[in-house]
Amino acid sequence: MLEEQMVGSIAQRIQQELAALSHYSATEKGVTRLPFTKEAEDALVCLEKMMKETGLSTCRDHSGALHGFLPGKSEKRFIIGSHYDSVVEGGAYDGIAGVVCGIEIARHFSTDSLPFTLEIVAFNDEEGVRFGGGFLSSKALLGELKSEELKKYCDADGVSCYEAMQRSGCDPEKIAEDVWPLENIAGFLEIHIEQGARLYQSGLPIGLVTGIVGMRRFDIEITGRADHAGTTPMTMRADALTAAAAFILTAQKAAAERAAPDVVATVGVCEVKPGTVNTVPAFVHLTLDVRSLDAAVRDEVVETCFDALHKAAAANDLAVKTQEKLTVAPVKMDETLMARLSEAMTEEDIPYMALASGAGHDALPIARRVPAAMLFVPSRDGRSHCPEEYSEPEDFARAVRVVIHMLEDWSE
Ligand code: HGY
Ligand code: MN
Ligand code: MN
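Criteria and cut-off values
Here the residue numbers are simple positions, counted from 1 along each chain's written sequence. Working convention: letters from A go to chains and numbers from 1 go to ligands, in the order in which they are written. In view of the model being predicted, local features appear only for residues whose pLDDT reaches at least 70, and side-chain atom pairs are presented and counted only at 80 or more, with totals across whole chains, interfaces and linings using the full set of residues. Remark: hydrogens and water are excluded; side-chain values derive from all non-hydrogen atoms of the structure. Helix and strand assignments come from DSSP, with helices taken as H or I runs of at least 4 residues and strands as E runs of at least 2, each series counted from the N terminus. This radius of gyration counts C-alpha atoms alone. The globule rule is 2.2 Å times how many residues there are, raised to the power 0.38. Relative accessibility thresholds used throughout: buried, under 20% of the residue-type maximum; exposed, over 50%; partly exposed, between the two (1.4 Å probe, protein chains only). We call two residues contacting when some pair of their heavy atoms lies within 4.5 Å. The protein chains shown are the only cover counted for residues, whose accessible areas, like all others here, come from Shrake-Rupley with a 1.4 Å probe. His is not counted here, nor are the chain ends, while Lys and Arg score as positive and Asp and Glu score as negative. By convention, charge coordinates are those of NZ in Lys, CZ in Arg, CG in Asp, or CD in Glu. Ring geometry is summarised as follows: Phe, Tyr and Trp rings, the Trp one being its six-membered ring, pair when their centres sit within 6.5 Å, and such pairs are stacked at plane angles under 30 degrees, edge-to-face over 60 and tilted between the two. Here, a charge over a ring is recorded when the distance from Lys NZ or Arg CZ to the ring centre is within 6 Å and its angle to the ring normal is within 35 degrees. One heavy atom within 4 Å of a molecule or strand is enough for the residue carrying it to be called near that molecule or strand. Polar contacts, as counted here, are pairs of nitrogen or oxygen atoms within 3.5 Å of one another; within protein the pair requires one atom able to donate a hydrogen and one able to accept it, and residues that are adjacent in sequence qualify only if both atoms are side-chain atoms. Residues are grouped as follows: Ala, Val, Leu, Ile, Met, Phe, Trp, Tyr, Cys and Pro are nonpolar; Asp, Glu, Lys and Arg are charged; every other residue, Gly included, is polar. Distances define the donors: N, O and S atoms within 2.8 Å of the metal qualify, as do those within 3.2 Å of Na, K or Ca. Water is excluded, so some sites may look unfinished.

Draft legend 1. Seen up close, the overall build of the protein chain. Regarding its fold elements, the protein chain presents eleven helices and 14 strands. For the protein chain, whose C-alpha radius of gyration is 22 Å, the value lies close to the compact-globule estimate of 22 Å for 412 residues. When each of the 412 residues of the protein chain is scored for burial, the buried share is 56%. The long-range share in the protein chain, meaning contacts at least 24 apart out of those at least 6 apart in sequence, stands at 79%. Surface exposure of the protein chain reaches about 17100 Å², of which carbon and sulfur atoms provide 52%. For the protein chain, the centre of its 39 positive side-chain charges and the centre of its 64 negative side-chain charges are spaced 4 Å apart.

Draft legend 2. Looking closely at the packing of aromatic side chains. As enumerated under the stated definition, the model contains ten aromatic pairs in all. If you follow Lys151 out to its NZ or CZ, it ends over the ring of Tyr162, 4.7 Å from the centre. The lysine or arginine in question, Arg340, covers the ring of Trp410, its NZ or CZ lying 3.6 Å from the ring centre.

Draft legend 3. View of the site of ligand 1. All residues in the neighbourhood of ligand 1 are listed as Glu126, Glu127, Arg217, Arg291, Ala359, Gly360 and His385. Within the contact set of ligand 1, a nitrogen atom lies 2.9 Å away from a side-chain nitrogen or oxygen of Glu127. Contact distances for ligand 1 include 2.6 Å between an oxygen atom and a side-chain N or O atom of Arg291. Of the residues that constitute the shell around ligand 1, the class distribution is one nonpolar, two polar and four charged.

Draft legend 4. Molecular detail of the coordination of the manganese ion (ligand 3). Each protein donor to the manganese ion (ligand 3) is listed here as His83 (NE2), Asp94 (OD) and His192 (NE2); together their distances run 2.1 to 2.2 Å. The sequence motif formed by the donor residues of the manganese ion (ligand 3) is H-x10-D-x97-H. The two metals, the manganese ion (ligand 3) and the manganese ion (ligand 2), are separated by 3.4 Å and share Asp94 as a common coordinating residue. Of this pair, His83 sits in strand β3 (residues 77-83) while Asp94 sits in the loop between β3 and α3 (96-107), and the two are eleven residues apart along the sequence. Comparing His83 with Asp94 shows no difference in burial state: the two are buried.

Read these as spatial facts, not as claims about activity.
This is the structure we're talking about:
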């Protein structure tokens, strides 16, 4: 059991470290730390230094993830981690706070004090914001990524993930060398901000995650014809934005009418070309992100969206090209790990609530392959993926305290 004073110093250190890490950003407003960029590299160097100062041996893998190891009494591994990349103008806590908490947990133990090797991981490109996929490191470590695929994912400048990896000194042809020994993993744990308002509104300091939504993400290109806005009659247009508008409104309606908080659909990107006030839109690039705890419901919403798109395209003489960038099934978290965490919270007299995650996390692909659990800390006003994102350092320290308690009590 950690004394209050110790928890206070953990909270203070976490706050200082996250403040320092938030400066590794391409934007003044919020945090922008996209994969294989200078700011990502600078953050990784800082995390590497923190790991080494905590007594961990460190190494990087070919996906750009950083690993810290504390040897234990067996070759079995217990892995704690989260991602260090961010969205554009996001917050200072999403992902990277889970890495800092992992390092704090490791700091509490010494070599050979635990029944397994403790591995702390900073995953790369969980968000998929730059190249459109997501879960790059976690899928690579699970052996679920082929280097060929990385050539298909390109950023707005047409740079593929494959090329960006090479430019930053990673070798995409070697990602298969990094695959975890899955049969040797005792468990995976991710501490993360909730990024929603349920926990914050409950007033409770910790959330025990029961499951994570399944996701499907698409890139959509609609091609019509550029024409003069003044001289082209409405009946003679091939206006790409009309089909985009039908698609966007259908996505919003198809998810909202399910009236379930886990069923969501988002068109986050809408680029119109040539994008001038007096030209009929010739081209629109959209993205679609659909989620649900129920894969069948998720798929129904996707189908409804594309039915509407193809109907509008046919009625307006438009061509449609779609690429599915991410398909990941919903998962339930591991009951045994959840029970261990629940016991630790009871013994530490920390109240908590059980809830599902509407956000995706590296635990999402991982939980399908190894026993995985997540602890949430509240996001102030439920805000995330924006500069307003904030969580209390004391809440992170409580989550660290729970995991330390669980690991100290761990007997096979
Ligand atoms: O999109 C998500 O839910 C996560 O932030 N990657
Ligand atoms: Mn995120
Ligand atoms: Mn995240």
